[in-house]
Amino acid sequence: MPGVAAIWRQDCHVLPGEKEAFGFKDGISHPAIEGSGIPGSNPHERPLKAGEFVLGYSDEMGDAPPVPQPEILGRNGSYVAFRKLHQRVAAFRRYLRASASNSEAEELLAAKMMGRWRSGAPLALCPSHDHPDIGGDPRRNNGFLFEQDDPIGYKTPRGSHIRRMNPRDAQVAAWFASTG
């Protein structure tokens, strides 16, 4: 792009095979944004309001936050966040080893914490054991919701990473408002 030059680059040591540092398949779930024309990765999930990502539009709460002025700086703009995380992979592995009786129990505990098996297969569809064929299939590894099938979290624990990062059809905002 004319006028833009990279001034710094950091090697993040990305693992091969779309795996993140803890060994789980990464980059699986992507929501659809209303009006974008680009489908999300979950055929059962309704598109999110554009205001969740783009300035100048209504968000899921029905608000349209003010945009920076002059309007040209904010309308159809967004914010970018760059986070640098320190991940304690060895401590995670030690915790699993100390908390489980065997390697199968370690994998189940890790899956319960994340909400998916390392292959990407979700507990919502594979609650008792891994199914790498489902994990590797982008048409199937996101085809589920939580509220109708598993509201209490028997399959996918309510505190698992997958549920916290993408609550899907759960009424999280309404829950927070009622518990205020």
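Another point: the confidence of the model for the chain. Atom-level detail of predicted coordinates should not be read off regions where pLDDT is low. In this model, the chain carries an average pLDDT of 88, and 94% of its residues clear a pLDDT of 70 or more. Put simply, helix H5 (residues 172-179) is where the chain has its lowest mean pLDDT, 48, and helix H2 (residues 103-114) is where it has its highest, 98. For the stretch residues 174-180, pLDDT sits under 50, and the model shows zero contacts to residues farther than four places along the chain or on other chains.

The subject of this paragraph is the pattern of salt bridges. Under the defined criterion, the tally for this structure stands at nine salt bridges. The shortest N-O distance in the salt bridge between Arg140 and Asp133 comes to 3.7 Å. A relative accessible area of 38% places Arg140 in the partly exposed class. Residues Asp137 and Arg139 are paired through a salt bridge, measuring 3.3 Å at the closest nitrogen-oxygen approach. Three or more residues are tied together by salt bridges with common partners; here these are Asp133, Asp137, Arg139 and Arg140.

Moving on, we get to the side chain of Thr156. Inspection of the secondary structure assignment puts Thr156 in the loop between helix H3 (132-135) and helix H4 (161-165). For Thr156, the contacting residues outside a window of four places in its chain are Gly115, Leu123, Ala124, Phe146, Asp150, Ile162 and Arg163.

What follows covers the environment of Ala32. Within the secondary structure, Ala32 sits in the segment before helix H1 (89-99). Given the relative accessible area of 12%, Ala32 is considered buried. Distance in space between the C-alpha atoms of Ala32 and Leu48 is 6.2 Å, their sequence separation being 16 residues. Not counting chain neighbours up to four residues away, the residues in contact with Ala32 comprise Ile38, Pro39, Gly40, Pro47 and Leu48.

Before going further, it helps to examine the packing of aromatic side chains. Enumeration over the complete set of coordinates arrives at two aromatic pairs. Taking 4.9 Å as the distance between ring centres and 70° as the angle between the ring planes, the aromatic pair formed by Phe22 and Phe92 counts as edge-to-face. With Phe22 in the segment before H1 and Phe92 in helix H1, this pair connects stretches of sequence that are 70 residues apart. Comparing Phe22 with Phe92 shows no difference in burial state: the two are buried. Its guanidinium or amino end placed over the ring of Tyr57, Arg75 lies 4.5 Å from that ring's centre, counting from NZ or CZ. Of note, Arg168 hangs over the ring of Phe144, and the distance from its end group to the ring centre comes to 3.9 Å.

Here is what the cut-offs are and how they apply
For every chain, the first residue of its written sequence is number 1, and the numbers climb from 1 along that sequence. Residues qualify for local features only when their pLDDT is at least 70, as the model is predicted, and side-chain atom pairs are given and counted only at 80 or more; totals for whole chains, interfaces and linings, by contrast, use all residues. With hydrogens and water stripped out, all remaining heavy atoms of the structure feed into the side-chain values. For every residue, the predictor states its confidence as a pLDDT score lying anywhere from 0 to 100. The secondary structure listing takes helices from DSSP runs of H or I that are at least 4 residues long and strands from runs of E that are at least 2 residues long, numbered from the N terminus. Contact criterion: two residues are considered in contact whenever any of their non-hydrogen atoms come within 4.5 Å of each other. Should a side-chain nitrogen of Lys or Arg be within 4 Å of a carboxyl oxygen of Asp or Glu, the pair is scored as a salt bridge. Think of it in three bands: residues with accessible area under 20% of the maximum for their type are buried, residues over 50% are exposed, and the middle band is partly exposed, with areas taken using a 1.4 Å probe on protein chains only. Aromatic rings from Phe, Tyr and Trp, taking only the six-membered ring of Trp, are treated as a pair when their centres fall within 6.5 Å; an angle between ring planes under 30 degrees marks them as stacked, one over 60 as edge-to-face, and anything in between as tilted. In this scheme, the term charge over a ring applies when either NZ of a lysine or CZ of an arginine sits within 6 Å of the ring centre and within 35 degrees of the ring normal.

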